[in-house]
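# Commentary on secondary and tertiary structure
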Amino acid sequence: MSLKLKILTLALLPLLLVTATITLINVNQAQTLSELEIQTFEQNLLTSKRNELKNYVELGLTAISQVINDESLTQEAAQSEVKRILHSLTFGEDGYFFVYDGEGVNLVHPAQPELVGQPLLTLRDGAGDLVIASLLNVAKQGGGYHRYTWRKPSLGDEEDKLGYVVELPKWGWILGTGLYVDDIAKEISRVRQQVTINIRNSFFTVVVLTAASAVIIIAIGVAINLHEGRLADGRLRQLAHKSVQFQVSQRRRFARELHDGINQLIVSVKFRIELAANKIKKGDLTASQDLSKGMEVLNQAIKEVRRLSHDLRPSLLDDLGLKSALKSLLDEYEARTGITVEAELGLPVERLPDDIEITLYRVIQEALCNVEKHSGADEVRLKTSLHGSQIVLKLSDNGDGFDITKASQQAGIGIRNMHDRIELLSGEFAITSEIGRGTQLRVKLPLS
């Protein structure tokens, strides 16, 4: 897996995990709250039904109370009139009044007239409940509610029903009515279904928003990746161009050194040898002087070749390593310039990669050259150290310093060469300076 893909994954995973956790918590809380609300809603509906039943029974009692208390009517006539009134009282689609005597014989039942006159004390509903016996028991205890199942006239099937009964103590009858509560179950089911739909819609909304966020993050990542890729390509082209320029300038310098230095010396040696040879032919005893002068010039040429070879690749660097090569360079620098160098070379015991060693050597060599030419300093401090997987180089002087903002706009070839060398190895290069406070150079190079 590439680094960019790992970073993108690390950006998406926390978002997805947090979103999933929050969504699950919210769904669970929503389901719990919805169940509580549904239970409350159901209780409120049942309470409303109970109050409604009680009001219906009170209306029925009001309708028959005058007949019951009429002394001018015989008991048989009064009972007959009460049955007639209650038989004619209906409400809603399936609402009616029923009357039973103390023995469980049905006296009034408008919805099922075939039950009138039948003893129903042992009648059981689908759940095994003795319906009429239970209603008689509730009525004799002062009246109240009882839940059972009974055939619904409009459907013809048994449905859950809530009944309310009271006793007519004068005759030992019970008067009651009931409401089918299957509509409550349907309403609760409808509400529960709607709540489930709402929770599902909320969940899908969160999923869609999360997916949209992930797509946006991926799109931004891809856009940044493309942008950074273009910048990296531009930097690589610029770096390659600088590298070519650097090689051209180095070759030009060595060509100039060979032409102006070694070539002139060799031509001079050739001239001296030819002059000595002509004198020998003529018997001139001063020919030895020309040979001695030629030998002297030849030694200069040899030294120049050694210098150029050292500039290309110091032999000490190959033979003894960076630390020894730097000590030799600093000793020679102190002896040649009179500038004091305080060095702290904290380098690993094992050899560094060749490109890092030659880069550090050349950067230090170029920086010391700049100190000698431009700073007016008499003291230089050099420190190299290992920090994790990086080599850190710090070099500072007590010279005159310069305006870094102006210098950055017209940096010399030396500073550009140092910067290019470090950049080729993916390192960091920084120069800070203040007028009158000297100059500081800081370099970081990764070991890998």
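This structure is a prediction, so every number in the text was calculated from the model and none was measured.

## So, the overall build of the protein
The secondary structure content of the protein amounts to ten helices and eleven strands. Residues counted as buried form 33% of the 448 residues belonging to the protein. When contacts within the protein are restricted to residue pairs at least 6 apart in sequence, long-range pairs at least 24 apart make up 60% of them. Carbon and sulfur atoms provide 56% of the accessible area of the protein, an area that totals close to 27000 Å².

## With respect to the pairing of strand S6 (residues 173-180)
Summarising burial for S6: eight of the eight residues are buried, a large majority. What you see with S6 is no split at all: Trp173, Leu175, Thr177 and Leu179 on one side and Ile174, Gly176, Gly178 and Tyr180 on the other are buried throughout. Direction of pairing for strand S2 (residues 95-100) relative to S6: antiparallel, over a ladder of four bridges. Note that in S6 the partner of Phe97 across the bridge is Thr177. By the bridge criterion, eight bridges tie strand S5 (residues 158-168) to S6 in an arrangement that is antiparallel. The partner of Gly163 across the bridge, within S6, is Gly178. Joining the antiparallel neighbours S5 and S6 is a turn of four residues, in which Gly172 adopts a positive phi near 75°.

## Describing the packing of aromatic side chains
Applying the stated rule across the entire model yields six aromatic pairs. Seen in terms of ring centroids, Phe98 and Tyr100 are 5.8 Å apart; in terms of plane orientation they differ by 65°. Their pairing is edge-to-face. The exposure class assigned to Phe98 is buried, which follows from its relative accessible area of 4%. Since its relative accessible area comes to 2%, Tyr100 is described here as buried. Consider the rings of Tyr148 and Trp150, whose centres lie 6.2 Å apart with planes at 90°: the pair is edge-to-face. Tyr148 sits in the buried class, given a relative accessible area of 4%. For Trp150, a relative accessible area of 8% puts it in the buried group.

## Concerning a nonpolar patch on the surface
Together, Phe203, Phe204 and Val207 line one region of the surface with nonpolar side chains, adding up to about 270 Å² of accessible area. If you trace the backbone, Phe203 turns up in helix H4 (residues 182-282).

## Description of the pairing of S5
With eight bridges connecting them, strand S4 (residues 144-151) and S5 associate as antiparallel partners. Its bridge partner lying in S5, Tyr145 is registered against Tyr164. Between S4 and S5, which pair antiparallel one after the other, the connecting turn spans six residues, and Gly156 there sits at a positive phi close to 80°.

## Some words on the environment of Leu53
Position of Leu53 relative to the elements: it lies in helix H1 (residues 3-68). We classify Leu53 as buried; its relative accessible area is 0%. Residues Leu53 and Gly163, 110 residues apart in the sequence, show an inter-C-alpha distance of 7.5 Å.

## A few points about the pattern of salt bridges
Counted under the stated rule, the structure contains nine salt bridges. The shortest N-O distance in the salt bridge between Arg381 and Glu342 comes to 3.7 Å. Remark: Glu342 occurs in strand S7 (residues 340-345) and Arg381 occurs in strand S8 (residues 379-387); sequence separation between them is 39 residues. Exposure remark for Arg381: the relative accessible area of 48% places this residue in the partly exposed category.

## Quick word on the UniProt feature "transmembrane region" (unreviewed entry) in the protein
Residues given the UniProt feature "transmembrane region" (unreviewed entry) here are residues 203-226. Counting secondary structure, residues 203-226 comes out at 100% helix and 0% strand; the distance between its end C-alpha atoms is 34 Å.

## A few points about the side chain of Thr359
Within the element layout of this structure, Thr359 appears in helix H8 (residues 354-375). Only 2.6 Å separates the side chain of Thr359 from the backbone oxygen of Asp355, close enough to count as a polar contact. Contact partners of Thr359, with chain neighbours within four places excluded, come to Arg421, Ile422, Leu425 and Leu445.

## Structural notes on the confidence of the model for the protein
Detailed conclusions should not be drawn from predicted coordinates in areas where pLDDT is low. Per-chain confidence: the protein averages 82 in pLDDT, with 88% of residues scoring 70 or above. Mean pLDDT values for the elements of the protein range from 62 in helix H9 (residues 404-409) up to 93 in strand S3 (residues 106-108).

## Some points on unusual backbone geometry
Of note in the backbone geometry, Ser426 takes a positive phi value of approximately 60° without being a glycine. Here Ser426 shows up in the loop between helix H10 (413-424) and strand S10 (428-434).

## Examining the sheet that holds S10
Read from one edge of the open sheet, five strands run S7-S8-S9-S11-S10, paired in mixed fashion. The open sheet has two edge strands, S7 and S10, and neither has a second partner. Recorded for the sheet is a direction-independent mean angle of 10° between the axes of neighbouring strands. The pairing of S7 with S8 spans six bridges and is parallel. By the bridge assignment for S8, Ala343 is matched with Leu382. Strand contacts of helix H7 (residues 322-337): S7 and S8, with the helix running at about 170° to S7, the strand carrying the most contacts. Against the sheet, H8 contacts S8, strand S9 (390-397) and strand S11 (438-446), and its axis sits at roughly 10° relative to S9.

About the criteria used
- Residues numbered from 1 in each chain as written.
- Predicted model: local features only at pLDDT ≥ 70, side-chain atom pairs only at ≥ 80, totals over all residues.
- Heavy atoms only, no water.
- Helix = DSSP H or I, 4+ residues; strand = E, 2+ residues; numbered from the N terminus.
- Buried < 20%, exposed > 50% of the residue type's maximum accessible area, 1.4 Å probe, protein only.
- Contact = heavy atoms within 4.5 Å.
- Areas by Shrake-Rupley, 256 points an atom, 1.4 Å probe, with all protein chains shown as cover.
- Pairing = 2+ DSSP bridges.
- Phe/Tyr/Trp six-rings, centres within 6.5 Å; stacked < 30°, edge-to-face > 60°.
- Patch = residues over 30% accessible without salt bridge, like charges linked within 9 Å, V, L, I, M, F, W, Y side chains within 5 Å.
- Salt bridge = Lys/Arg side-chain N within 4 Å of Asp/Glu carboxyl O.
- UniProt positions renumbered as here; feature names shortened; annotations may be inferred.
- Polar contact = N/O pair within 3.5 Å; in protein donor to acceptor, adjacent residues only side chain to side chain.
- pLDDT = per-residue confidence, 0-100.
- Axes fitted to C-alpha atoms, helices over the stretch in contact; angles between N-to-C directions.

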